[in-house]
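Inside the fold
Here is what each chain is made of, one letter per residue.
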Amino acid sequence: MRRTAQTGSGRSAEFDAIVVGAGFSGLFMLHSLRKLGLTVRVYEQGAGVGGTWYWNRYPGARCDSESVYYMFSDHMSEEILSEWTWSERYAAQPEILRYLEFVTDKMDLRRDIQFNARVASAVYDSGRGCWDIRLADGGTASARFLITAVGCLSATNTPSFPGIDTFAGESYHTGAWPHEGVDFTGKRVAVIGTGATAVQAVPEIAKQAAHVWVFQRTPNYDIPGRNRPLASDYATAVKADYKNLWQKARESGFGLPYQVVERSAVDYAPEERQAIFEAAWAKGGFYMGLETFSDYLVNKESNDTVSEFVRGKIREMVKDPATSELLAPKDHPFFTKRPPLENGYYEAFNRDNVTLLDARATPIEEITPRGVRMGEHEYEVDAIVYATGFDAMTGALFGMGITGRDGLRLRDKWRDGPRTYLGLTTHGFPNLFLITGPQSPSVLSNMPVSIEQNVEWIAGLVQYMLIHDLDAAEPAREAEDTWVAHHDEVAAATLLLGTDSWWVGANIPGKPRTLYPYVGGVGPFRVICQEVADKGYEGLVLTRHDATAPAPAG
Ligand code: NAP
């Protein structure tokens, strides 16, 4: 493989690889490609590293994975792993951002990152065998490899409420929060949405605001996070056992080293079940979903038991019966939408200055200059917080104007839903690699674990190509068809497609309904990817640029 792309014009910057995004994925990809001796440029839209943790600075933003597992493993750096200690069970956004900045500086990554650089288009030139990138500011660059590290939840979604631009007060989307923060002291605030973001933000906003109206369309099964300062002996114990724990996480279903017991809730007597639920509820966190019973996603009857348990807890926690009934989900099974972790959310509804509104029974009709109108009632507010989520998994990719061979736009190819091979590659787009792409475990996992696996697989493939003097890698159409069929089959065996959620694209009008992440599990996915690699990247067509026929792959 000729390591540096030949552009012909000589004006465009040339690299071996271009990585888009400087969050967890982009930082580890940069580090991994550098180790192979490649020249790399990372383009990052923000003015700093961090990705999600750069943009989501809303009050209460914190990680829902336990922080000791929400970091790079020793595959990034043994030194960082031993030097860094988290202060809380679930790290807050400023601490995670500090961590990523620490990693960036420690690994000297900054010099290959261009900030304030939004990729406006990425077009594959078959003649030259490289990707041509155009930035929003007009800058251009070319590279043999294009790797997207844009995150799954980075293209914000603001519903097109009529009158949205007429509001005279302050408007914020949680996913693009002002860096200087927002002071809600004494203000009347509307929070639209009740997903994981709003569940974190509402208790914090309520501490300052004169009044908060929470506009709820669908209630969620919020699990107590039970955040607390991290005991130093716990952090030390985790560090001491880190290799074992991380390996367990890699082999697990969801990228967390929890003790999953294969059992169904329906096989237990009500009292036994209750004891298991209560123990997980007291522990806090995703243990409720992962360590109690293992068949919630495939067995509605089993799921009914945990759903009813959580509803009961909500009724206990929220004093006003009408409010607690409205907060108790009945329209979908537990964990078929991402359950938020709550640290004071339900309690917030016991405050006099927080009111829950039913935006399902009476939808928001318009935003007016003074506030939010539902039916006949206009709620006059000083600020509106849109906690309305993201065009997940494909929004940011489509926003980059990716165009592959023969002028095929990714947006057009995926018009009826994503089609990928392993979620990492897609036919018609040579040398385009997607980190945490659709049809990979991605958002159905503890992200750093999936990110490391994705990055290492991509770096392994690039290394293989270097060794074998190969220029281009592209999945065969049949391999892609087989993966999509497998992905769909696994998805269809679960309850996930039956619930409206962003996991199935239901939050964006017109978006194809399909399960976007792969639900086959982090461990099994890892094994599949490894087998593909062991067979000389089976399913990928690997070619030399000057050869017309595919080069032997083995
Ligand atoms: P979300 O889960 O998509 O929630 C968006 C909310 O806005 C939903 O309650 C939705 O209602 C509501 N909404 C959208 N359009 C509306 C409309 N027209 N009228 C009324 N309500 C409307 O977004 P999110 O809360 O930002 O969370 C997205 C994901 O980010 C989470 O699931 C999680 O994976 C991740 N996240 C992670 C963390 C963490 O780990 N620290 C924190 C926050 C978020 P419907 O449910 O009815 O659509």
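Residues numbered from 1 in each chain as written. Predicted model: local features only at pLDDT ≥ 70, side-chain atom pairs only at ≥ 80, totals over all residues. Heavy atoms only, no water.

1. Structural notes on the overall build of the chain
Check the secondary structure of the chain and you find 17 helices and 20 strands. Radius of gyration (C-alpha) of the chain: 24 Å, near the 24 Å computed for a compact globule of 554 residues. Taken along the three principal axes of its C-alpha coordinates, the chain extends 70 × 55 × 45 Å. In the chain, buried positions account for 58% of the 554 residues. Restricting the contact set of the chain to residue pairs at least 6 apart, pairs at least 24 apart contribute 72%. By element, 50% of the accessible surface of the chain is carried by carbon and sulfur atoms, the whole surface being about 21500 Å². Across the chain, the 54 positively charged side chains and the 70 negatively charged ones have centroids separated by 3 Å. (Helix = DSSP H or I, 4+ residues; strand = E, 2+ residues; numbered from the N terminus. Rg over C-alpha atoms; globule rule 2.2 N^0.38 Å. Buried < 20%, exposed > 50% of the residue type's maximum accessible area, 1.4 Å probe, protein only. Contact = heavy atoms within 4.5 Å. Areas by Shrake-Rupley, 256 points an atom, 1.4 Å probe, with all protein chains shown as cover. Lys, Arg positive; Asp, Glu negative; His and termini not counted. Charge placed at Lys NZ, Arg CZ, Asp CG, Glu CD.)

2. Things to note about the site of the ligand
Around the ligand, 24 residues are found, and the nearest of them are Arg62, Thr194, Thr197, Thr218 and Lys337. Contact distances for the ligand include 3.1 Å between an oxygen atom and a backbone N or O atom of alanine 196. Between arginine 217 and the ligand, the recorded distance is 2.9 Å, taken from a side-chain N or O atom to an oxygen atom. Its free accessible area being 920 Å², the ligand has 86% of it covered by the protein chains. The leading source of residues in the shell around the ligand is helix H5 (residues 196-208), at 3 residues. Residues belonging to the shell around the ligand are distributed by class as follows: 10 nonpolar, 8 polar and 6 charged. (Near = heavy atom within 4 Å. Polar contact = N/O pair within 3.5 Å; in protein donor to acceptor, adjacent residues only side chain to side chain. Nonpolar A, V, L, I, M, F, W, Y, C, P; charged D, E, K, R; others polar.)

3. Overview of the nonpolar core
Counting residues in each nonpolar core, the largest one holds 138 residues, and the members touching the most others are Tyr99, Ile147, Phe184 and Trp457. Here this core takes 11 residues from helix H15 (residues 447-467), the largest share from any one element. Contacts of phenylalanine 184, omitting those with residues within four sequence positions, involve Pro59, Tyr172, Trp177, Val189, Ile205, Gln208, Ala209, Ala210, Ala383 and Val385. Grouped together as the second largest cluster of nonpolar side chains are 25 residues, Ile18, Leu135, Ile402 and Phe429 included. (Core = buried A, V, L, I, M, F, W, Y, C linked by side-chain atoms within 4.5 Å.)

4. Focus on the layout of surface pockets
In this structure, the second largest pocket spans a volume of roughly 480 Å³. Looking at the lining of the second largest pocket residue by residue, the classes come out as 13 nonpolar, 8 polar and 2 charged. (1 Å grid on protein atoms, 1.4 Å probe; cavity = no way out; pocket = protein on both sides within 12 Å on 5 of 7 lines; lining within 4 Å. Points joined across faces, edges and corners; volume = space filled by probe spheres on them.)

5. Thoughts on helix H10 (residues 300-317)
Here H10 is 18 residues long and its end C-alpha atoms lie 25 Å apart, about the 26 Å a rise of 1.5 Å per residue gives. Of all the residues in H10, the buried ones are Ser302, Asn303, Thr305, Val306, Ser307, Phe309, Val310, Arg311, Lys313 and Ile314. Lining the buried residues of H10 we find helix H8 (270-283), helix H9 (287-290), helix H11 (321-327) and helix H12 (345-348). (Expected span 1.5 Å × (residues − 1).)

6. Here's the deal with the environment of cysteine 529
Position of cysteine 529 among the secondary structure elements: in helix H17 (residues 522-534). It is 7.4 Å that separates the C-alpha atoms of cysteine 529 and tryptophan 457, two residues lying 72 residues apart in sequence. Leave out the neighbours within four places in its chain, and cysteine 529 touches Leu422, Leu424, Gln453 and Trp457.

7. Focus on the sheet that holds strand E14 (residues 371-374)
One open sheet accounts for 3 strands, arranged E13-E14-E15; its pairing is antiparallel. Strands at the two margins of the open sheet, each flanked by one partner only, are strand E13 (364-367) and strand E15 (377-380). Here the average twist between neighbouring strands, direction ignored, is 25 degrees. Here 4 bridges tie E14 to E15, and the two strands are oriented antiparallel to one another. Note on E15: the bridge partner recorded for valine 372 is tyrosine 379. (Pairing = 2+ DSSP bridges. Axes fitted to C-alpha atoms, helices over the stretch in contact; angles between N-to-C directions.)

8. Some details on the sheet that holds strand E8 (residues 188-192)
The strand order across the open sheet formed by 5 strands is E7-E16-E8-E9-E12, and the pairing between neighbours is parallel. Edge positions in the sheet fall to strand E7 (170-173) and strand E12 (354-358), since each has one partner strand and no second. The average angle at which neighbouring strand axes cross in this sheet is 20 degrees, direction not considered. Pairing analysis gives 4 bridges linking E7 to strand E16 (residues 383-386), with the strands arranged parallel. Residue pairing in the sheet places histidine 173 in a bridge with tyrosine 386 of E16. Of the strands in this sheet, E8, strand E9 (211-216), E12 and E16 are in contact with H5, which crosses E8 at around 175 degrees.

9. Side note on the pattern of salt bridges
On inspection of all chains with the given rule, the structure shows 39 salt bridges. The partner of glutamate 366 in a salt bridge is arginine 373, with the nearest N and O atoms 2.8 Å apart. Owing to a relative accessible area of 26%, glutamate 366 belongs among the partly exposed residues under this scheme. Residue arginine 373 is classed as partly exposed on the basis of its relative accessible area, which comes to 23%. The partner of glutamate 378 in a salt bridge is arginine 370, with the nearest N and O atoms 3.0 Å apart. What makes glutamate 378 partly exposed here is its relative accessible area of 23%. Here the salt bridges share partners, and the residues they tie into one network are Glu308, Arg311, Arg315, Glu325 and Lys330. (Salt bridge = Lys/Arg side-chain N within 4 Å of Asp/Glu carboxyl O.)

10. Notes on the pairing of strand E6 (residues 140-148)
Across the 9 residues of E6, 8 count as buried, placing the element largely inside the fold. Relative to E6, strand E1 (residues 13-20) is paired through 7 bridges, and the arrangement is parallel. Its bridge partner lying in E6, glutamate 14 is registered against serine 142. Bridge count for strand E5 (residues 130-135) against E6 is 4 bridges, and the pairing is antiparallel. For isoleucine 133, the partnering residue across the bridge sits in E6 and is alanine 141. The turn linking E5 back onto E6 is made up of 4 residues, and glycine 138 within it adopts a positive phi angle of 100 degrees. Sheet topology places E6 next to strand E18 (residues 432-434); 3 bridges connect them, and they run parallel.

Taken by themselves, the reported measurements are silent on function.
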